[in-house]
Amino acid sequence: MGTAGDLDDSRRQVVYHPERVGHVASTDYPGVYPGEDNSWDLEKFKEKLVVQVQRLSEKTVELDLVGVDASIANALRRILLAEVPAMAIEDVYIFNNTSVIHDEILAQRLGLVPLSIDPRALDMRGPDGPTDRDCIVFKLEVTCTYNPKSVQGEVDPSKRYRNPNVYSRDLVFAPQGDQAERFKEYPPRPANGNILLAKLRPGQTIETEIHAQKGIGSLHAKWSPVVPSLREATASYRLLPHIIIRKPIPPRLCDKFAQCFSPGVIRVTQNGAGEKEVTVANPRNESMSREVYRHAEFEGMVDLTRIRDFFLFSIETAGAYPPQDLFPESIRIMRSKIQTLKYAAEKLKTPLEDDAMEDYSGVQADLKPQRIRQPMLSYIQGMGD
């Protein structure tokens with residue numbers, strides 16, 4: 001793994017002008033600069049690649065991904081959203097529901113409850129129906145009654161009744177087969193136990209059996225481990241801000257200059273002569289508002305840029321995975337896709353047999369299967385390695 005490289009290299013910078021953004025396209029490909037070989041090379045890629053965790057908490061991870069094209073970073077983000085598998089409630093069997101919530105609405109609310117179940121311990125649902133290898137069963141049995149200990153005239157439902165609210169924590173794991181032993185250390189449960197599912201009053205009851213299965217977000221958002229809107233989780237990235245001070249800022253304007261940026265980005269200090277000066281302290285916090293460009297006194301003193309291949313990832317888990325496992329999981333899925341493409345390319349490399357070509361006798365020449373170009377095959381093989 002390499003280093004972040006020279007941030008002052010103009011080839012890596014996306015330039016922010018007062019009214020537009022320039023240098024948005026990358027130029028690190030063959031033929032752009034005379035006399036330079038910018039063809040893709042695995043060893044060069046390894047030297048430039050940097051993956052470094054900046055902050056890790058129980059729910060989120062922030063990391064730097066340096067040295068890749070935006071297409072790779074965005075592919076990883078989309079895989080996180082749509083192709084990393086997770087567990088979600090799919091089948092709801094309602095035996096009794098006398099609450100004011102219709103069966104369909106209750107089932108829909110249950111389906112969007114994020115589950116804390118490691119999907120790597122289970123298989124995808126097969127054609128033979130649910131088994132203990134691809135299904136997790138929960139029971140939800142709640143009945144509301146009067147609280148005999150409540151005082152007369154009590155108006156607070158939580159004190160007047162028992163079980164007036166049905167929460168996600170009321171889901172009870174019902175082990176099937178050897179699941180009690182397999183999930184002994186981390187029993188399946190909702191990721192957030194405080195999600196309100198329904199309200200009950202005395203005499204009302206909900207009795208259901210719930211089946212959760214493995215899926216991916218491209219089928220339904222409930223299977224995404226990082227869905228932004230439904231589960232208040234996220235998987236996003238932004239480019240690293242890079243602030244270049246071209247000329248010294250006059251001491252009398254240092255405080256005003258610092259106020260043109262997000263808090264903590266610019267630090268105002270005193271030099272040996274006792275005069276104020278500015279330094280870039282934490283460019284990661286900059287929102288790139290370009291406020292500094294609105295003041296004529298700072299014209300030509302500063303340039304605002306972002307580093308084109310320096311991605312600041314922010315990933316928040318919905319509960320299925322520890323946050324530090326999500327990014328490696330997306331890389332694993334991308335590698336499997338590349339292997340599939342590599343295999344298909346190698347099959348195309350071998351010319352078709354004569355009897356197979358007879359099927360294309362009436363097809364236009366440009367639509368007949370052709371041998372894949374060798375440079376493209378070499379690129380795919382390198383990515384797969």
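Before reading further, recall that the structure is shown in the block above.
This write-up is about the structure you can find in this document. Each residue is numbered by its place in its chain's sequence as written, counting from 1. Since the coordinates come from a predicted model, pLDDT governs what is reported: local features require at least 70, and pairs of side-chain atoms require 80 or more to be given and counted, while whole-chain, interface and lining totals use all residues. Side-chain metrics rest on all non-hydrogen atoms present in the structure, leaving aside hydrogens and water.

Observations concerning the side chain of Asn97
Item 1. Looking at the secondary structure, you find Asn97 in strand E5 (residues 86–97).
Item 2. Polar contact is defined as a pair of N or O atoms within 3.5 Å, subject to the rule that within protein one atom must be able to donate a hydrogen and the other to accept it, and that residues adjacent in sequence are counted only when both atoms are side-chain atoms. In this structure the side chain of Asn97 is engaged in a polar contact, spanning 2.9 Å, whose partner is the backbone oxygen of Ile101.
Item 3. Setting aside residues no more than four positions away along its own chain, Asn97 makes contact with His102, Asp103, Leu106, Thr205 and Ile206. Strands are runs of DSSP state E lasting at least 2 residues, helices are runs of H or I lasting at least 4, and numbering of each runs from the N terminus. Whether two residues are in contact is decided by their heavy atoms: any pair within 4.5 Å suffices.

Some points on the pattern of salt bridges
Item 1. Salt bridges, as used here, are contacts in which a Lys or Arg side-chain nitrogen is within 4 Å of a carboxyl oxygen on Asp or Glu. Taken as a whole and judged by the stated rule, the model has 18 salt bridges.
Item 2. One salt bridge in this structure joins Glu83 and Lys337, with 2.8 Å as the shortest N-O distance. Here Glu83 is found in the loop between helix H2 (70–82) and E5, whereas its partner Lys337 is found in helix H8 (residues 323–349), with 254 residues between them in sequence.
Item 3. Its relative accessible area of 27% is what places Glu83 among the partly exposed residues. Three labels apply to residues, based on accessible area from a 1.4 Å probe with only protein chains included: buried if under 20% of the type maximum, exposed if over 50%, partly exposed otherwise in between.

Notes on the packing of H2 against H8
Item 1. Lines are fitted to the C-alpha atoms to define the axes, a helix being fitted only along its stretch in contact, and any angle between axes, read from their N-to-C directions, falls within 0 to 180 degrees. Where H2 meets H8, the closest approach of the two axes is 9 Å, and the angle between their N-to-C directions is 105 degrees. Classified by the interaxial angle, the pair formed by H2 and H8 is roughly perpendicular. Within the contact between the two elements, H2 uses Ile72, Ala75, Leu76, Ile79 and Leu80 and H8 uses Leu326, Phe327, Ser330, Ile331, Ile333 and Met334.
Item 2. In terms of residue class, the contact of H2 with H8 is made up of 10 nonpolar, one polar and no charged. What sets the label is the angle itself: under 35 degrees gives roughly parallel, over 145 gives roughly antiparallel, 65 to 115 gives roughly perpendicular, and the rest give oblique. Lys, Arg, Asp and Glu make up the charged group, whereas Ala, Val, Leu, Ile, Met, Phe, Trp, Tyr, Cys and Pro make up the nonpolar group; the residues left over, Gly among them, are polar.

Let's talk about the packing of aromatic side chains
Item 1. Between 30 and 60 degrees the pair is tilted, below 30 it is stacked and above 60 it is edge-to-face, where a pair is any two Phe, Tyr or Trp rings, Trp via its six-membered ring, whose centres lie within 6.5 Å. According to the stated counting rule, one finds nine aromatic pairs in the structure shown.
Item 2. Aromatic side chains Phe257 and Phe298 sit 5.2 Å apart centroid to centroid with 75 degrees between the ring planes, which places their arrangement in the edge-to-face category. With Phe257 in helix H7 (residues 254–259) and Phe298 in the loop between strand E17 (276–280) and strand E18 (302–316), this residue pair connects regions lying 41 residues apart in the sequence. In terms of burial, Phe257 and Phe298 fall into one category: buried.
Item 3. Over the face of the ring belonging to Trp223 we find Lys222, whose NZ or CZ atom lies 4.9 Å from the ring centre. Criterion for a charge above a ring: Arg CZ or Lys NZ at most 6 Å from the ring centre, at most 35 degrees from the ring normal.

Observations concerning the layout of surface pockets
Item 1. Approximately 1,400 Å³ is the volume attributed to the largest pocket.
Item 2. Taken together, 47 residues line the largest pocket, and the ones lying closest to its centre are Trp40, Phe45, Gly67, Val68 and Asp69.
Item 3. Counting residues per element, the lining of the largest pocket draws most heavily on helix H1 (residues 42–48), at six residues.
Item 4. One number sums up the size of the second largest pocket: a volume of about 500 Å³.
Item 5. Definitions used throughout: a 1 Å grid over protein atoms alone; a cavity as a set of points that fits a 1.4 Å probe which cannot get out; a pocket as an open set with protein on both sides within 12 Å along at least five of seven lines; a lining residue as one with an atom within 4 Å of a point. Lining the second largest pocket are 20 residues, and of these Ser116, Tyr186, Arg189, Gly319 and Ala320 sit closest to its centre.
Item 6. Class assignment of the residues belonging to the lining of the second largest pocket gives a composition of 10 nonpolar, three polar and seven charged. Grid points are joined across faces, edges and corners, and a volume is the space filled by probe spheres set on the points.

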